[in-house]
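Observations on the three-dimensional arrangement
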Amino acid sequence: MWRTIDAHLKIRLPLRTILFSQQPNPPVLKPLSRLLSSKTLSFLSFSPALCSGGRQKLGACRSSSVVVRCISSLSSATPQQQPQQHTAVEWNGPVSCSEVGEGVDGTGTTVDKDAKLSIPVRAYLFSTSVDLKSLVEQNKPNFIPPTSRMTNYVVLKFGHLSEPSGSGSCIHGSHCCYMVVFQYGSIVLFNVREHEVDDYLKIVRNHASGLLPEMRKDEYEVREKSTLGTWMLGGLDYIMLQYLNIDGIRTIGSVLGQSIALDYYGRQVDGMVAEFTDINRGMEKTGTFSMDSKKLFQLVGKANSNLADVILKLGLFERSDIAWKDAKYAQIWEYLRDEFELSQRFASLDFKLKFVEHNIRFLQEILQNRKSDFLEWLIIVLISVEIIISIFDLVTRSGLKIV
């Protein structure tokens, strides 16, 4: 009777069928030539899809699910051969990837199984404003109606529009691409290949205003895993979900859009801080500064507008409506805000703006004092001129009377 023994063996060694005698004596290895006369052996069948190429690729097969079988069938034994029975040892156990590590492809390169389920997410910012109304008018077939009261963004779907995108549907493996466009200029692309990015950005560029001299870019990754034990799991530059649907796209897109826009405003404020730092260093050396009031007022307007845009346009302190309704998306929203450090970055931005505000107030007082000093001296000069004229008039009149 043939038995199947699950043996976890390295397949680097030559595999052979070993037959042991069931005599009372210790097992003796039988020569293979003697077995061939009485046995029919079906030797070592490999999956050709996994191990093609002969013995030199057996090492690569070690990390895949390889089924090795030795199937032997006894021919009808004669009465003379009946007392001498043999037992075959058959390897029928698969070597799973979890036992030996990650999968290996045909070239010997390690393959992460979760990487195959990844959805690329790319965020861009090349303008400070987008006309959402005209954008929707020209892309009505691709427009996905909103499910919340948020009106500062739109979602466009490209590809196979008939594919479902509701709750529980997965995006990985589909031919659909999604684009989330925000009124303050951020664009977030889901499942778009890198060589197709420019084509999608051109759709928005025609409706954008306030174009920036340099486009900003950020990348992230979403992984789908239906067998995940929990709803979401965070990792290094990626988030793993059981599935990604349109509500997840809205939630993730809102955080990434705020992040890349906040990075732009942060750099704007950094430029103002650097400018005031140069002014302060100049004052340290010379004891004065040469900025005129017009330039100072421009900096005041720039600082105030940046702060207003961060609070009002970005809605940095407004919780997503989807996150309010569903705790699952609230978990994603809170995790991503913490991952991208939105609160800490805004606190840093606010601190820098206070530094700029303090310097502006200080320089305004200096300019005001300069103006006051000028007016005081002007009044002194006018009074002096009036006194001189009065004296000259008195002297002139007195001279006429003396004559």
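Residues numbered from 1 in each chain as written. Predicted model: local features only at pLDDT ≥ 70, side-chain atom pairs only at ≥ 80, totals over all residues. Heavy atoms only, no water.

An unreviewed UniProt entry lists the chain under the name DUF155 domain-containing protein, with Erythroxylum novogranatense as the source organism. The Sequence similarities (unreviewed entry) field of the UniProt record for the chain holds the comment "Belongs to the RMD1/sif2 family." (UniProt positions renumbered as here; feature names shortened; annotations may be inferred.)

We now examine the overall build of the chain. From N to C terminus, the chain includes 10 helices and 15 strands. Residue burial in the chain is summarised as follows: out of 403 residues, 38% are buried. Partitioning the intrachain contacts of the chain with sequence separation of at least 6 by distance along the chain shows that 71% fall at a separation of at least 24. Surface accessibility of the chain: about 24,300 Å² in total, with carbon and sulfur atoms responsible for 56%. (Helix = DSSP H or I, 4+ residues; strand = E, 2+ residues; numbered from the N terminus. Buried < 20%, exposed > 50% of the residue type's maximum accessible area, 1.4 Å probe, protein only. Contact = heavy atoms within 4.5 Å. Areas by Shrake-Rupley, 256 points an atom, 1.4 Å probe, with all protein chains shown as cover.)

Glancing now at helix α7 (residues 293-313). Between the first and last C-alpha of α7 there are 29 Å, a value that for 21 residues agrees with the 30 Å anticipated at 1.5 Å per step. Where α7 is concerned, the buried positions are Leu296, Leu299, Val300, Ala303, Asn306, Asp309 and Val310. Residue Gly315 follows α7 closely and has a positive phi angle near 60 degrees. (Expected span 1.5 Å × (residues − 1).)

Another point: empty space enclosed by the protein. Inspection of the entire model under this criterion finds 3 cavities of 30 Å³ or more. Along its surface, the largest cavity is lined by 15 residues, and Met150, Tyr153, Ser254, Gln258 and Ser320 are the ones closest to its centre. Ranked by the residues each element gives to the lining of the largest cavity, the list is headed by helix α6 (residues 246-286), at 4 residues. For the lining of the largest cavity, the class distribution of residues is 7 nonpolar, 6 polar and 2 charged. (1 Å grid on protein atoms, 1.4 Å probe; cavity = no way out; pocket = protein on both sides within 12 Å on 5 of 7 lines; lining within 4 Å. Points joined across faces, edges and corners; volume = space filled by probe spheres on them. Nonpolar A, V, L, I, M, F, W, Y, C, P; charged D, E, K, R; others polar.)

Taken together, the side chains of Asp237, Asp338, Glu339 and Glu341 present a region of like negative charge at the surface. Counting through the fold element by element, Asp237 comes out in the loop between β14 (232-235) and β15 (238-241). Among the residues examined, Asp237 registers a relative accessible area of 48% and is labelled partly exposed. (Patch = residues over 30% accessible without salt bridge, like charges linked within 9 Å, V, L, I, M, F, W, Y side chains within 5 Å. Salt bridge = Lys/Arg side-chain N within 4 Å of Asp/Glu carboxyl O. Lys, Arg positive; Asp, Glu negative; His and termini not counted. Charge placed at Lys NZ, Arg CZ, Asp CG, Glu CD.)

This brings us to the UniProt feature "transmembrane region" (unreviewed entry) in the chain. UniProt records the feature "transmembrane region" (unreviewed entry) at residues 374-395, using the numbering of this structure. Taken end to end, residues 374-395 is 100% helix and 0% strand, and its first and last C-alpha atoms sit 31 Å apart.

This next bit is on the sheet that holds strand β8 (residues 118-130). The 8 strands lie next to each other as β9-β10-β11-β12-β8-β13-β15-β14, forming an open sheet whose pairing is mixed. Either end of the sheet is taken by a strand with one partner, and the two such strands are β9 (143-144) and β14. Taken together, the 2 bridges between β9 and strand β10 (residues 153-158) define a ladder with antiparallel strand orientation. Opposite Phe143, over in β10, you have Leu156 as the bridge partner. The sheet strands contacting helix α5 (residues 197-205) are β8, β10, β11 (177-182), β12 (186-190) and β13 (208-224), and the helix crosses β8 at an angle near 30 degrees. (Pairing = 2+ DSSP bridges. Axes fitted to C-alpha atoms, helices over the stretch in contact; angles between N-to-C directions.)

Under the 1.5 Å per step criterion, the end-to-end length of α6 is 60 Å for 41 residues, consistent within 8% with the ideal 60 Å. At the C-terminal side of α6, Gly287 shows a positive phi close to 85 degrees.

Let's shift gears to a nonpolar patch on the surface. Together, Ile379, Ile383, Ile387, Ile391 and Val395 give the surface a local cluster of nonpolar side chains, amounting to about 460 Å² of exposed area. For Ile383, the position within the fold is in helix α10 (residues 342-402).

Detailed reading of the predicted model is not advised wherever pLDDT is low. Taken as a whole, the chain shows an average pLDDT of 74; of its residues, 67% reach a score of 70 or greater. When the elements of the chain are averaged for pLDDT, helix α3 (residues 97-100) gives the smallest value, 34, and β12 the largest, 97. Scored below 50 in pLDDT, residues 1-111 shows 132 contacts in the model against residues more than four places distant or in partner chains. (pLDDT = per-residue confidence, 0-100.)

On to the pattern of salt bridges, then. In total, this model carries 12 salt bridges according to the counting rule given. Notably, a salt bridge pairs Arg267 with Asp263, separated by 3.5 Å at the nearest N-O pair. Here Arg267 pairs with Asp263, and both are found in helix α6, just 4 residues apart, close to one helical turn. Under the relative-accessibility criterion, Asp263 is labelled partly exposed at 28%. Its salt-bridge partner being Arg361, residue Glu357 comes within 3.0 Å of it at the nearest N-O pair. Of this pair, Glu357 and Arg361 both sit in helix α10, 4 residues apart, which is roughly one turn of the helix. Several salt bridges converge on common partners, so that one network encompasses Arg122, Lys217 and Glu219.

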